[in-house]
Amino acid sequence: MMELQVLVTTHNEERNLPACLASVDGWTTRTLGVDSFSDDDTEQVAAEAGADFIQREYRSPADQKNWALDRLEPGWVLILDADERVTPALKAEIEAVLAAPEHEAYWIPRRSRFLGKEILNAGWDRDGVTRLLKRDAGRYRDALVHEIMECGGSVGRLEAHLEHESYHDVDDYLERMLRYSRSGARQMHREGRRAGVAKILFRPLFRFLRMFIWQRGWRDGRHGFLLCALSGLQVGIKHALHWALDRNLMKDVDDR
């Protein structure tokens, strides 16, 4: 068994969590799930997999994960989202790296699926996250969405990838799109960034063209087109909500 702890943060993840936990089953010393009061069977799924389970009020993804890291023992930690899976190749590479680590943290590439199809272009081909690290080597920068790990020491890069089941269907995408758009709008508002109608009009088009044309999302066929179109829509909604916040037409309240 690896001298490695796994951290998974959850909220209503009964659909994704079984495959996530199965991908590290029997491989690590401890799996900790930190949950923001799910109202589905997430806790039961975690218990059946033998994971430790703690519930805590959600404030932001960065805050939740930083709090969870402090609940772990010193040593190496692998941080996962519930919709991610560790591949056999990634397991083997992590074992080799931790046998003689040269860095205090490691960046891991991700391969993501959208509506059941792996996306190989549209910018998703360059996706990756710093998720393997010594417990005290880094913490997440405060953010309401798209949290980023900041490390004080050196960060290496792994070659094997995480599998990421990003969205199961369009309803799943739309539900999360609204949540991420609200969080992104609040983040920009709190940072004092300027809102404007021009951003609402032109940023969505630019996002679509960048992903579909310049980042060759067209190569992923109908799935690529839909992903790029929805991504542009999300950008438009985010900037529209930012504009509304600046004019007191929307409350700046946390949204889970």
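Just above, that's the structure.
Residues numbered from 1 in each chain as written. Predicted model: local features only at pLDDT ≥ 70, side-chain atom pairs only at ≥ 80, totals over all residues. Heavy atoms only, no water.

Peer 1: Help me get a handle on the pattern of salt bridges, residues and values and all.
Peer 2: Enumeration according to the criterion identifies 18 salt bridges in this entry. A salt bridge links R110 to E84; its shortest N-O distance comes to 2.7 Å. Of the two residues, R110 sits in strand β6 (residues 105-114) while E84 sits in strand β5 (residues 84-86), which places them 26 residues apart along the sequence. Note on E84: relative accessible area 0%, which makes it buried. Measuring nitrogen to oxygen at the nearest pair gives 3.6 Å for the salt bridge that ties R139 to D136. The exposure class of R139 is partly exposed, given its relative accessible area of 24%. For D136, a relative accessible area of 55% gives the class exposed. Among the charged side chains, a salt-bridge network with shared partners connects K65, D81, E84, R110, D127, R131 and E147. (Salt bridge = Lys/Arg side-chain N within 4 Å of Asp/Glu carboxyl O. Helix = DSSP H or I, 4+ residues; strand = E, 2+ residues; numbered from the N terminus. Buried < 20%, exposed > 50% of the residue type's maximum accessible area, 1.4 Å probe, protein only.)

Peer 1: So, the environment of G184: which residues are in play, and what are the values?
Peer 2: Note that G184 resides in helix α5 (residues 170-190). Residue G184 is classed as buried on the basis of its relative accessible area of 8%. Filtering out sequence-adjacent residues up to four positions away, G184 remains in contact with V145 and K238. (Contact = heavy atoms within 4.5 Å.)

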